[in-house]
Amino acid sequence: MMDLKEVLTESVESLRRNRMRSGLTMLGIVWGLVTVVLLLSYGRALGSTVMQGLLGFGNNVIMVWGGQTSMQAGGQRSGQKVKLKEGDMEAVRDSVPFLSAVSRESDDSFSVKYGPKVVSIQSKAIDIPYSGMRDLKVEQGRYFEPADITDHRQVVIFGAHASEKLFNGYPPVGLVVQIEGQPFTVIGVLHDKVQDSSNNGPDNENIFVPFDTMRTLRQQRDPDSIVFQPSTAALHLRALAAVREVLAQRHHFDPRDEKALGSWDTIEDAKQMTAFSVALQVLLGIIGAMTLAVGGVGVMNIMLVSVTERTREIGLMKALGARSRDILAQFLLESFVLTFFAGIAGMIVALAVTYMIPPMPLFSEMYKTANHDGDIILSASWATMIISFIILAIVGIVSGLLPAMRAAKMDPVVALRHE
């Protein structure tokens, strides 16, 4: 312990004797470290925000809708249209045990009137389980309840922007509007959310009615699509295959015929987006590490100069019995001390910079969200700090290794003769 303390003291004193040179070298390390932290923080924040926009559509959601057959099956020629029918959703729900939620959905554009104002708003007719799958959070009022369905109540929920479009900011809960000439009571308004993917428009722009009310509005009993959620994300391919099997039996098409039934698997999309986010962070991390490596070149340079200046000192130490590994350890430790102090300073600067950089707009302008929801907000996480320190430690060791080896290999006689 005394030897280590003595070596540490000598290392610090060596750096203090050349303050300007040490300071400039540390500046390169600080700059590189700040770059690493900022790039990794930006990559993580960008990936997280884009994923938030993607997941705004829902949590582990899969949708299927009718298509056109491309294979012969059950005596039917290819080219037959497949249209979902009443009872399909119930068959899927009752036949596939590993689904946590299933709902019908129909999309249409309705004329909605309140007072003298009439606007055309995209609508979705849905069942009660739809909200949990699609992350519909009610900010004002309430969501649909079983009594709304059993009592055939004509109730409607507005998306945040749809409410603003018709009511101009006035609280609409409890008001009665005319949808296609039919009276509907507004029971809720959804929370304004970031949603970068959608079918027939973002939820913010839609109104939502119970599916059975479509019989009143359009005389429609058949769904346009079926939305379902597997019990776990790992079962998404199995769940989709099982749903295709059930519908293939009911509509007489080959379940392997992908064109007979259109599908959208958001779980697969989320996997691809996660892979993209990881790849982006790795790329930015490599760029930052290369920048930090430039600072490492400065450390190597100052250590080589230090070895040259202290050649006679190295010779004297060896003449007094210092082993090569002792010399190697001393110069490696000096390199490490230099990078360590530069790393502490770099972390402090990086934290300050990430705190001072304001949120960078991404989705907030598009979706008019509050509190910078959907924007890129930099924050230096512990994971980012640990990765940066690992990179810094590697840079410090590698940068000091060559000068330390050069010093350790010196012949004491030659070193003592050095002028």
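Values in this document were obtained by computation on a predicted structure and should not be read as measured data.

Quick notes on the rules
Residues numbered from 1 in each chain as written. Predicted model: local features only at pLDDT ≥ 70, side-chain atom pairs only at ≥ 80, totals over all residues. Heavy atoms only, no water. Buried < 20%, exposed > 50% of the residue type's maximum accessible area, 1.4 Å probe, protein only. Helix = DSSP H or I, 4+ residues; strand = E, 2+ residues; numbered from the N terminus. Pairing = 2+ DSSP bridges. Core = buried A, V, L, I, M, F, W, Y, C linked by side-chain atoms within 4.5 Å. Contact = heavy atoms within 4.5 Å. Phe/Tyr/Trp six-rings, centres within 6.5 Å; stacked < 30°, edge-to-face > 60°. 1 Å grid on protein atoms, 1.4 Å probe; cavity = no way out; pocket = protein on both sides within 12 Å on 5 of 7 lines; lining within 4 Å. Points joined across faces, edges and corners; volume = space filled by probe spheres on them. Nonpolar A, V, L, I, M, F, W, Y, C, P; charged D, E, K, R; others polar. Polar contact = N/O pair within 3.5 Å; in protein donor to acceptor, adjacent residues only side chain to side chain. Salt bridge = Lys/Arg side-chain N within 4 Å of Asp/Glu carboxyl O. Expected span 1.5 Å × (residues − 1). Bend = angle between axes of the 7 residues up to and from the residue.

1. Side note on the pairing of strand β5 (residues 155-158)
Right, so step 1: Burial along β5 is two-sided: the face carrying V155 and I157 and the face carrying V156 and F158 are both buried.
Right, so step 2: Two strands pair when backbone bridges link them, and β5 and strand β7 (residues 182-190) are joined in this way by four bridges, in the parallel orientation. Looking at β7, one finds that V156 is bridged to V186.
Right, so step 3: Inspection of the sheet shows β5 paired to strand β8 (residues 206-210) by two bridges, in the antiparallel sense. Across the sheet, residue F158 finds its bridge partner in β8, namely I207.

2. A word on unusual backbone geometry
Right, so step 1: One non-glycine residue, N168, adopts positive backbone phi at about 55 degrees.
Right, so step 2: Residue position: N168 is located in the loop between α6 (160-167) and β6 (176-179).
Right, so step 3: Here N168 falls in the exposed class, since its relative accessible area comes to 54%.
Right, so step 4: In this structure, E180 is a non-glycine residue whose phi angle is positive, near 55 degrees.
Right, so step 5: Within the secondary structure, E180 sits in the loop between β6 and β7.
Right, so step 6: The class of E180 is partly exposed, set by a relative accessible area of 34%.

3. Concerning the nonpolar core
Right, so step 1: Ranked by size, the top nonpolar core spans 30 residues in total, and within it I29, L292, V307, I314, I327, F331 and A407 carry the most contacts.
Right, so step 2: At the level of secondary structure, the elements contributing two or more residues to this core comprise α2 (19-55), α9 (266-309), α11 (324-356) and α13 (382-408).
Right, so step 3: Residue contributions to this core peak at eight residues, all from α11.
Right, so step 4: Sequence-distant contacts of A407, that is, excluding residues within four places in its chain, are made with V307, I314, K318, I327 and F331.
Right, so step 5: Counting residues in hydrophobic clusters, the runner-up holds 23 residues, among them M89, L99, V246 and A248.

4. What about the side chain of T35?
Right, so step 1: Along the chain, T35 turns up in helix α2.
Right, so step 2: If sequence neighbours within four positions are ignored, T35 has contacts with G288 and T291.

5. So, the packing of aromatic side chains
Right, so step 1: Scanning all chains against the criterion turns up five aromatic pairs.
Right, so step 2: Geometrically, the ring pair formed by Y143 and F144 is tilted, given 5.1 Å between the ring centres and 50 degrees between the ring planes.
Right, so step 3: On the basis of relative accessible area, Y143 is assigned to the buried category, the value being 15%.
Right, so step 4: For F144, a relative accessible area of 6% gives the class buried.
Right, so step 5: Aromatic side chains F340 and F341 sit 5.9 Å apart centroid to centroid with 70 degrees between the ring planes, which places their arrangement in the edge-to-face category.
Right, so step 6: Taking the relative accessible area as the measure of exposure, F340 reaches 37% and is therefore partly exposed.

6. Section: empty space enclosed by the protein
Right, so step 1: The full count for this structure, using the stated rule, is one cavity of 30 Å³ or more.
Right, so step 2: Its volume calculated, the largest cavity comes out at about 60 Å³.
Right, so step 3: In terms of lining, the largest cavity is formed by S14, L15, N18, R21, S22, I302, M303 and S306.
Right, so step 4: Listed by contribution, the elements that provide at least two residues to the lining of the largest cavity are α1 (2-17), α2 and α9.
Right, so step 5: Residue contributions to the lining of the largest cavity peak at three residues, all from α9.
Right, so step 6: Split by residue class, the lining of the largest cavity holds three nonpolar, four polar and one charged.

7. Some thoughts on the side chain of K193
Right, so step 1: Tracing the backbone shows K193 in the loop between β7 and β8.
Right, so step 2: When its relative accessible area of 10% is taken as the criterion, K193 is described as buried.
Right, so step 3: Separated by 2.9 Å, the side chain of K193 and the backbone oxygen of R134 make a polar contact.
Right, so step 4: For K193, the side chain forms a polar contact with the main-chain oxygen of D135, separated by 3.4 Å.

8. Observations concerning the pattern of salt bridges
Right, so step 1: Per the counting criterion, the structure on display carries 19 salt bridges.
Right, so step 2: The partner of R218 in a salt bridge is E180, and the shortest N-O contact between them spans 3.2 Å. In this pair, R218 sits in the loop between α7 (214-217) and β9 (225-230) while E180 sits in the loop between β6 and β7, placing the two residues 38 residues apart along the sequence.
Right, so step 3: By sharing partners, the salt bridges in this structure join R142, E145, D148, D151 and R153 into a single network.

9. Some words on α13
Because each turn of an α-helix spans 3.6 residues, side chains separated by three or four positions end up pointing in the same direction.
Right, so step 1: Spanning 27 residues, α13 covers 37 Å between terminal C-alpha atoms, matching the ideal 39 Å at 1.5 Å per step.
Right, so step 2: Approximately 35 degrees is the largest bend angle found in α13, and it occurs at L401, with the proline P403 only one to four residues beyond.

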